[in-house]
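Structural features, examined
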Amino acid sequence: MSKVYDLLAVVGPTACGKTSLAVELALAMNGEIISADSRQVYRGMDIGTGKDLKEYVRGDRRVPLHLVDIVDAGTKYNLFEYQRDFLEAYEKVLRNGTLPVLCGGSGMYVESVLRGYRLLPVPENVALRESLEGKTLEELTAILSSYKVLHNNTDTDTVKRAIRAIEIEEYYARTPIEERSFPAIKSFVVGLDVPREVRRERISSRLRARLDEGMIAEVEGLLASGITPEQLIYYGLEYKYVTMYVTGEMSYEQMFRELEIAIHQFAKRQMTWFRGMERRGVGINWIDATQPVDKIVNIIKEKFHDKGA
């Protein structure tokens with residue numbers, strides 16, 4: 001453990017190599033990984049969320065992984081629950097005498113930890129939901145934008161997600177937020193920087209690989225298990241477009257084309273979020289992710305243990 005930092009965080013856009021690097025860092029620095037991915041929490045949603053569980057095994061060593069496969073697919077998991085579960089995992093890692101390595105691209109989850117958000121669970125507001133029924137996604141987006149602070153400016157992918165985001169904002173606007181305990185965590189944050197064209201090539205290549213690996217069969221299996229198309233579409237990206245293909249709403253070619261575009265746009269939004277985190281006071285040490293992994297690991301180890309950092 002470092003005497004300077006309590007936690008090492010690895011962030012960056014999709015397809016930048018976060019998981020692989022986090023695993024190497026955990027092996028080199030006696031660490032355990034805590035996921036910060038809003039969809040990898042769901043059981044059975046493996047290929048579409050890119051869990052890549054084999055990545056955590058190196059020969060006869062397996063890096064401990066937390067906050068993956070902790071809730072059933074079809075349920076709704078929120079930021080409050082994540083922060084609660086993160087603290088439990090974080091304290092467990094510390095008790096083990098190992099280094100917590102936070103890894104993920106869900107900006108709001110990452111920031112809630114690094115900046116110590118103090119949150120309350122938000123109940124459903126039936127009256128508000130009824131008043132929003134029938135409104136278009138554009139109208140809901142406009143309503144969400146009218147709040148001074150948005151809960152998550154990426155929550156406008158579907159009507160249901162937009163309504164939930166509005167519900168959260170309305171609750172916080174009208175409910176005094178009591179202070180809840182959150183430890184002061186001194187974090188060293190690494191951001192993986194990948195040239196735009198390289199990132200685009202990786203995204204397209206990975207999408208084709210995931211389809212070849214059985215992403216369509218995964219969605220079909222989830223639907224067969226009783227999860228509704230609407231529930232899967234709620235999760236966005238792969239699950240939205242593949243579900244629409246499986247249910248006959250679009251052709252394979254249209255699904256691939258629109259999903260590819262959506263993932264590229266998502267990666268761009270992720271980078272926008274991380275740049276915003278920097279403006280909000282989170283220091284991110286950006287590293288060229290195209291360098292050899294062992295070189296990146298050595299750079300991070302040196303900086304992490306630098307008392308003058």
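Before going into details, it helps to say that this report is about the structure given with it. (Residues numbered from 1 in each chain as written. Predicted model: local features only at pLDDT ≥ 70, side-chain atom pairs only at ≥ 80, totals over all residues. Heavy atoms only, no water.)

**Quick look at helix α8 (residues 215-224)**
Within α8, burial applies to Met 215, Ile 216, Glu 218, Val 219, Leu 222 and Leu 223. Looking straight down α8, one finds its buried side chains confined to an arc of 160°; they lie on one side. Those residues of α8 that are buried are in contact with α7 (196-213), α9 (229-234), α10 (237-246) and α11 (252-279). One or two steps after α8, the chain reaches Gly 226, where phi turns positive at roughly 115°. (Buried < 20%, exposed > 50% of the residue type's maximum accessible area, 1.4 Å probe, protein only. Helix = DSSP H or I, 4+ residues; strand = E, 2+ residues; numbered from the N terminus. Arc of directions from axis to C-beta. Contact = heavy atoms within 4.5 Å.)

**What about the packing of aromatic side chains?**
In this structure the tally under the stated criterion is nine aromatic pairs. Both rings, one in Phe 86 and one in Tyr 90, keep their centres 5.5 Å apart while their planes meet at 20°; by these two values the pair is stacked. Remark: Tyr 90 and Phe 86 occur in helix α2 (residues 79-95); sequence separation between them is four residues, near one turn of the helix. Like Tyr 90, Phe 86 is buried. With a centroid separation of 5.7 Å and an interplanar angle of 75°, the aromatic rings of Tyr 234 and Tyr 235 are classed as edge-to-face. Exposure class is identical for Tyr 234 and Tyr 235. Each is buried. What links up through ring pairs into an aromatic cluster is the set Tyr 82, Phe 86, Tyr 90 and Tyr 109. Sitting over the ring of Tyr 234, Arg 161 keeps its end group 5.6 Å from the ring centre. Directly above the aromatic system of Trp 273 lies the positively charged group of Arg 280, at a separation of 5.3 Å from the ring centroid. (Phe/Tyr/Trp six-rings, centres within 6.5 Å; stacked < 30°, edge-to-face > 60°. Lys NZ or Arg CZ within 6 Å of the ring centre and 35° of its normal.)

**Details of the sheet that holds strand β1 (residues 7-11)**
Strand order in the open sheet made by the six strands is β6-β2-β8-β1-β9-β10, with parallel pairing throughout. Only two strands of the sheet have a single neighbouring strand rather than two, namely β6 (65-66) and β10 (285-288). (Pairing = 2+ DSSP bridges.)

**Brief notes about the pattern of salt bridges**
Counted under the stated rule, the structure contains 17 salt bridges. As a salt-bridge pair, Glu 24 and Arg 58 come within 2.8 Å of each other at their nearest N and O atoms. Within this pair, whereas Glu 24 is found in helix α1 (residues 18-29), its partner Arg 58 is found in strand β4 (residues 57-58), the two being separated by 34 residues in sequence. Taking relative accessible area as the criterion, Arg 58 reaches 25% and is therefore assigned partly exposed. A single network of salt bridges, built from pairs that share partners, joins Glu 124, Arg 129, Arg 164 and Glu 167. (Salt bridge = Lys/Arg side-chain N within 4 Å of Asp/Glu carboxyl O.)

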